[in-house]
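Residues per chain are reported as follows:
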Amino acid sequence: MRELDTIFSPPASLAAMLDESKRAVVFTGAGMSTESGIPDFRSPGGIWTKMAPIQFQDFLASDEMRRESWRRKFAMEETFAQAEPNLGHHAVAELVRRGTVAAIITQNIDNLHQVSGIPADKVIELHGNSTYASCLDCGARHELDVIKQSFIGREVLPECQSCGGMVKTATISFGQSMPIEPMQRAEEETLACDLFIVIGSSLVVHPAASFPLIAKRNGARLVILNREPTPLDDHADLVLHEEIGPILSTMVPVT
Ligand code: NAD
Ligand code: ZN
């Protein structure tokens, strides 16, 4: 049945669910930003087909790993800096403006939901933000352009001016603890919503990928919009194996 639904009337079904919802949550992954030119991790040609991620323990353990991490960061920077919100981001921002969507829970670190006009306090970042850095000891914020000036050429590793601690992009690496406050807020929003919409996530990275099931078990409707199947497709009320921008912009014209 789901297959037929998907083929014949996907926009109508999601549109109807949005109309009926009193409080929706959008949960996004790297697929949300591929149409902005930022590669995802697991699609063919994605970042992981090129290089393995640096584990948090390895970052802590050696200067060379820290240098490698900053080299990768600055090599990727141009792609991130040029990226702008795409049709999908704008449609999601419109749903927030209309009051249909109460919060965005994102695994993305690219800041594009905020750039699309969604107030920062409605964007819950589970994996941090790559547009700045922070001290691992005291949490002080550090700006990337300052770090870049010393790093490019001389490869000087950044050090916190306040406490001397290690500075790392403000993202959560594999092996690093999940941020407490965003995880709590994500759980609260997940339990408060009646419609949970996954957009562009392979739903294999845990604990982030547990939120759709928490929502479903709590009685919310679950929608998954992703080009490829995910492990949670069987739990969803509606599955759309579609391209994000085209389908969302048709369904939610930005006024
Ligand atoms: P993922 O790479 O595991 O999965 C992305 C999914 O999106 C894939 O299943 C792919 O088929 C789908 N997809 C890609 N483009 C699409 C499109 N235009 N339309 C429909 N579907 C599309 O990403 P994930 O689930 O977010 O997990 C990877 C981790 O990588 C996350 O933890 C995230 O922190 C990080 N990451 C973030 C960014 C970013 O900030 N933009 C980019 C790469 C990775
Ligand atoms: Zn510090």
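Caption draft 1: Inspection of the sheet that holds strand β6 (residues 167-171) at higher detail. Overall, antiparallel pairing links the 3 strands, which are arranged β5-β4-β6 in an open sheet. Strand pairing shows two members of the sheet lacking a second neighbour, β5 (141-142) and β6, which therefore form its edges. Where strand β4 (residues 128-135) meets β6, 4 bridges bridge the pair, whose relative direction is antiparallel. Paired with C135 across the strands is V167, a residue of β6. In the packing of helix α4 (residues 63-82) onto the sheet, the strands contacted are β4 and β6, and the crossing angle to β6 comes to about 40 degrees. With respect to the sheet, helix α7 (residues 144-151) is in contact with β4, β5 and β6, its orientation differing from that of β4 by roughly 70 degrees.

Caption draft 2: Geometry of the packing of α4 against α7. For the pair α4 and α7, the least separation of the axes is 11 Å and the interaxial angle reads 115 degrees. Judged on the interaxial angle alone, α7 and α4 are roughly perpendicular. As for the relative orientation of α4 and α7, their crossing is left-handed in sense. For the pair α4 and α7, contact is made by R67, W70, R71, K73, F74 and E77 and by L144, I147, K148 and F151, respectively. In the contact of α4 with α7, the residues fall into 5 nonpolar, no polar and 5 charged.

Caption draft 3: Focus on the site of ligand 1. Close to ligand 1 lie 27 residues, the nearest being A30, R42, Q107, H127 and S202. A30 is positioned with one of its backbone polar atoms (N or O) 2.7 Å from an oxygen atom of ligand 1. Measuring from a nitrogen atom of ligand 1, one finds a side-chain N or O atom of T34 at 2.7 Å. Expressed as a share of its isolated accessible area of 860 Å², the protein-covered part of ligand 1 is 98%. By residue class, the composition of the shell around ligand 1 is 7 nonpolar, 12 polar and 8 charged. When we break the shell around ligand 1 down by domain, the ones giving at least three residues each are domain 1 (1-38 + 85-127 + 177-255) and domain 2 (40-82 + 128-171).

Cut-offs used in this document
- Residues numbered from 1 in each chain as written.
- Chains lettered and ligands numbered in written order.
- Predicted model: local features only at pLDDT ≥ 70, side-chain atom pairs only at ≥ 80, totals over all residues.
- Heavy atoms only, no water.
- Pairing = 2+ DSSP bridges.
- Helix = DSSP H or I, 4+ residues; strand = E, 2+ residues; numbered from the N terminus.
- Contact = heavy atoms within 4.5 Å.
- Axes fitted to C-alpha atoms, helices over the stretch in contact; angles between N-to-C directions.
- Parallel < 35°, antiparallel > 145°, perpendicular 65-115°, else oblique.
- Left-handed = near helix turned anticlockwise from the far one by under 90°.
- Nonpolar A, V, L, I, M, F, W, Y, C, P; charged D, E, K, R; others polar.
- Near = heavy atom within 4 Å.
- Polar contact = N/O pair within 3.5 Å; in protein donor to acceptor, adjacent residues only side chain to side chain.
- Areas by Shrake-Rupley, 256 points an atom, 1.4 Å probe, with all protein chains shown as cover.
- Domains from an automatic or database assignment.

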